[in-house]
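Take a look at the letters that make up each chain.
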Amino acid sequence: MKIAEKKAIKRESIIQTALKLFSKNGFHRTTIPDIAAKLQMSVGNLYNYFSSKDILAQEIIKYTSEALGEKIRVVNMSEASAEDKIHQIVDIYFTMAKDKPEMIEYFLRVYLSNREVFNDGCEGMVCVSGFITEIMIFFDDSVRSGELRNQDFFSAFGLFMGYLGGMVFLKGENVLPKDIELYIDDISLNIYNALKA
Amino acid sequence: MKKPRLLWLQAITCNGNTHSFLNHPDLFSILSHFEIVNHPTLDGMHTFKEVIEGNVPCDVLILEGSFIEKGFLKGGVEVSRIIETYAKKASYIISAGTCATFGGIFKQKDPTNISGFCFDLEEKTTRYGMYASKLISLPGCPIHPKWLSYVLLMLANGKKIPIDSLHRPVELYGYTVHNGCTKNEYFEWKIDSENYGLKEGCLFYEQGCQGPYTRGSCNKILWNDISSKTRAGTPCFGCTEPTFPQTSLFQTKTNMGIPAKMPLGISRRAYISLVAVTKSFKIKRFSERLMEYDK
């Protein structure tokens, strides 16, 4: 294996480990030595990959956004109806929240809760563009096909993602009486009914 | 050396291209390279009656106006027949304006039967095969006088004019109208113009500007050597395109805020990714007026 490939693998393992620790313990209560210890690497070596904790936090949000964006991209490329695509996107989001809760938790509990960490380098939608782009394409396609009602992007986006984020937040607080996957059908239908033409 | 003989024929037209060309600051210097056989408004060697009779010479034929096979007569003769007579004689045919090139405004009257001379929108007409080798397309509503003078002087000097698949000179139509627009910084940073007639802000997002996907050099070769629609705060109407005219020219069609038509050759995913990033930055300079105006 080439050195560059080894470095890329190491880099991703740092991101995944830090993602879990940040999501579980919070951004401020997680230190670089904590992350290094978990990975059994030296603090100095970790800094070779990420020059600061803030930079690492920014790279993680890009990583999670790209991962989610890639899955939605597959949905966008399919021939499914808008109603079906909504169901698939909700499924992806809630399945991720169940199987890899740190991915969504990071967005809600680190990215949205520690804006000062992201102000310089992750302004606005810069670091979540991988995900936002696919949502925009989904909306554009669905309005073009006449399935969804044309409206301001943020009024539709807020309804869709605010709803999903809220449900995952409730799950994180252990408030939901049922497994989050059991909400997929109803929530998909609610979103479709709210946005349909 | 004998000067090439120039004939300007009009079919169904508003005379817009004739008038536009009269604004050329060097009109007579350009025309001095040619012998004018007949022209709608300028003196020529032959009367229009002689032109109709079909016996006058023609090396360069300029066509203005939309084409119809039957029912449009001048001096009792079908204009289509007059045009075909000289199209056969000419060494070069210049379709001046969107009507003569693609059908344009007048095609709206009878979309089935009215078209351009060699193109019907983007489709080739039955005449294309016969005249393609000498055809130069100059769409525009109207054409810029200097687009025509570029072609005429190239021909007068025996130079080859590089053209694209619709026979448009690449030197003039290889660009988009967006290219050279003084509002480009606002486009780059996705900042809307708040109104028409302003120097600040881009008209692509709200006001219907078609500059980013319209081929033409309006912002390279300025109108009256001074300005352009977009520089003056008016949206580009896409008048050089085969699809011209369209409706809702002052409003951008959007799907949940995303422009329905992308800049030329840019994939939607690439464009949207860029929008998500650039819209995230607030740049103070672009939120301010360029200058204070007297009230």
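Cut-offs and rules
- Position labels on residues start from 1 in each chain and follow its written sequence.
- Naming scheme: in the order in which they are written, chains are lettered from A and ligands are numbered from 1.
- Where local features are concerned, this predicted model is filtered to residues with pLDDT of at least 70; where side-chain atom pairs are given and counted, the filter is 80 or more; whole-chain, interface and lining totals use all residues.
- In computing side-chain properties, one takes all heavy atoms of the structure into account and sets aside hydrogens as well as water.
- For every element, the axis is a line fit to its C-alpha atoms; helices are fit only across the contacting stretch, and the angle between N-to-C directions ranges from 0 to 180 degrees.
- A run of DSSP states H or I qualifies as a helix once it reaches four residues; a run of E qualifies as a strand once it reaches two. Both are numbered from the N-terminal end.
- When describing relative orientation, an angle under 35 degrees is termed roughly parallel and one over 145 degrees roughly antiparallel, while 65 to 115 degrees is termed roughly perpendicular and anything else oblique.
- We call two residues contacting when some pair of their heavy atoms lies within 4.5 Å.
- For this classification, the nonpolar set comprises Ala, Val, Leu, Ile, Met, Phe, Trp, Tyr, Cys and Pro, the charged set comprises Asp, Glu, Lys and Arg, and every other residue, Gly included, is treated as polar.
- The patch calculation keeps residues exceeding 30% relative accessible area without a salt bridge and links them within 9 Å when they carry like charges or within 5 Å when they are nonpolar (Val, Leu, Ile, Met, Phe, Trp, Tyr).
- Computed by Shrake-Rupley with a 1.4 Å probe, the accessible areas treat only the displayed protein chains as cover when residues are assessed.
- The salt bridge criterion pairs a side-chain nitrogen of Lys or Arg with a carboxyl oxygen of Asp or Glu, the two atoms within 4 Å.
- When charges are counted, Lys and Arg contribute as positive and Asp and Glu as negative, whereas His and the chain ends are disregarded.
- By convention, the charge on Lys lies at NZ, on Arg at CZ, on Asp at CG and on Glu at CD.
- Here the rule is simple: two strands pair whenever DSSP picks up at least two bridges between them.
- Criterion for a disulfide: a pair of cysteine sulfur atoms at a distance within 2.5 Å.
- Each residue is placed in one exposure class: buried if its accessible area under a 1.4 Å probe, protein chains only, is under 20% of its type's maximum, exposed if it is over 50%, and partly exposed if it falls in between.
- Residue-level confidence of the predictor, termed pLDDT, takes values from 0 up to 100.
- Joining through side-chain atoms within 4.5 Å is the link that ties buried Ala, Val, Leu, Ile, Met, Phe, Trp, Tyr and Cys residues into a set, and such a set is a nonpolar core.
- What counts as a ring pair is set by centres within 6.5 Å for rings of Phe, Tyr and Trp (its six-membered ring), and what kind of pair is set by the plane angle: stacked under 30 degrees, edge-to-face over 60, tilted for all other angles.
- Put simply, a charge is over a ring when the Lys NZ or the Arg CZ is close to the ring centre, within 6 Å, and near the line of the ring normal, within 35 degrees.

### So, the packing of helix 5 (residues 82-99) of chain A against helix 6 (residues 101-111) of chain A
What describes two packed helices is the angle between their axes and the distance between those same axes.
Residue and element names in this part refer to chain A.
Piece 1. Their axes nearest at 5 Å, the elements helix 5 and helix 6 cross at an angle of 100°. Taken together, helix 5 and helix 6 sit at an angle that is classed as roughly perpendicular. In contact with Tyr93, Met96, Ala97, Lys98 and Asp99 of helix 5, helix 6 contributes Pro101, Met103 and Ile104.
Piece 2. For the contact of helix 5 with helix 6, the residue count by class is six nonpolar, no polar and two charged.

### What to know about a positive patch on the surface
Piece 1. On the surface, a cluster of positive charge is made up of Lys20, Lys24, Lys38, Lys71 and Lys100 of chain A.
Piece 2. Assignment of secondary structure puts Lys20 of chain A in helix 1 (residues 3-25).

### Regarding the sheet that holds strand 3 (residues 60-64) of chain B
Residue and element names in this part refer to chain B.
Piece 1. In spatial order, the strands read 2-1-3-6-9; together these five strands make up an open sheet with parallel pairing. Taken across any chain shown, the strands that pair with only one partner, and hence form the sheet edges, are strand 2 (35-38) and strand 9 (135-138). Averaged over all adjacent pairs, the angle separating strand axes in this sheet is 20°, with direction ignored.
Piece 2. As judged from the four bridges shared by strand 6 (residues 92-96) and strand 9, these two strands associate in the parallel manner. Its bridge partner lying in strand 9, Ala96 is registered against Leu138.
Piece 3. Helix-sheet contacts for helix 4 (residues 79-89) involve strand 1 (5-10), strand 3 and strand 6, and the interaxial angle to strand 1 is about 160°.

### Regarding a nonpolar patch on the surface
Piece 1. A surface patch of nonpolar side chains, about 240 Å² in accessible area, is lined by Phe169, Leu170 and Val175 of chain A.
Piece 2. As for its position among the elements, Val175 of chain A is in the loop between helix 9 (153-172) and helix 10 (184-195).

### A word on the state of the cysteines
Piece 1. As enumerated under the stated definition, the model contains one disulfide over all chains in all.
Piece 2. Across the disulfide from Cys122 of chain A sits Cys127 of chain A; the S-S distance is 2.0 Å. Of note, the bridge from Cys122 of chain A to Cys127 of chain A carries an S-S torsion of about -85° and is left-handed in sense.
Piece 3. For Cys127 of chain A, a relative accessible area of 3% puts it in the buried group.
Piece 4. Here Cys118 of chain B is not cross-linked by a disulfide; its sulfur's nearest cysteine counterpart is in Cys58 of chain B, at 14 Å.
Piece 5. We classify Cys118 of chain B as buried; its relative accessible area is 2%.
Piece 6. Free cysteine: Cys181 of chain B, not disulfide-bonded; nearest cysteine sulfur from Cys209 of chain B at 6.6 Å.
Piece 7. You can call Cys181 of chain B buried: its relative accessible area is 10%.

### A few points about the confidence of the model for chain A
Piece 1. Confidence in the prediction for chain A averages 94 pLDDT; 100% of positions are at 70 or higher.
Piece 2. By mean pLDDT, helix 6 of chain A is the weakest element of chain A at 89, and helix 10 of chain A is the strongest at 98.

### Some points on the nonpolar core
Piece 1. Membership of the largest hydrophobic core comes to 82 residues, with the highest contact counts inside it found for Leu56, Phe94, Phe139, Leu148 and Phe160 of chain A.
Piece 2. The element contributing the most residues to this core is helix 5 of chain A, with nine residues.
Piece 3. When sequence neighbours within four positions are dropped, the list of residues in contact with Phe139 of chain A reads Leu148, Phe153, Ala156, Phe157, Phe160 and Leu195 of chain A together with Met256 of chain B.
Piece 4. Membership of the second largest hydrophobic core comes to 33 residues, among which are Leu6, Trp147, Leu155 and Cys209 of chain B.

### Concerning the confidence of the model for chain B
Piece 1. Per-chain confidence: chain B averages 96 in pLDDT, with 99% of residues scoring 70 or above.
Piece 2. Interface scoring of the predicted complex returns ipTM 0.81; its pTM is 0.88.

### Section: the packing of aromatic side chains
Residue and element names in this part refer to chain A.
Piece 1. As enumerated under the stated definition, the model contains 27 aromatic pairs over all chains in all.
Piece 2. Grouping aromatic residues by their ring pairs yields a cluster made of Phe138, Phe139, Phe153, Phe154, Phe157 and Phe160.
Piece 3. Note that Lys7 overlies the ring of Tyr49, its terminal NZ or CZ placed 5.9 Å from the centroid.
Piece 4. One Lys or Arg, Arg115, reaches over the ring of Tyr111 and ends 4.5 Å from the middle of that ring.

### Re helix 6 of chain A
Piece 1. Most of helix 6 of chain A is tucked away, with eight of its 11 residues classed as buried.
Piece 2. What helix 6 of chain A keeps buried is the set Glu102, Met103, Ile104, Glu105, Tyr106, Leu108, Val110 and Tyr111 of chain A.

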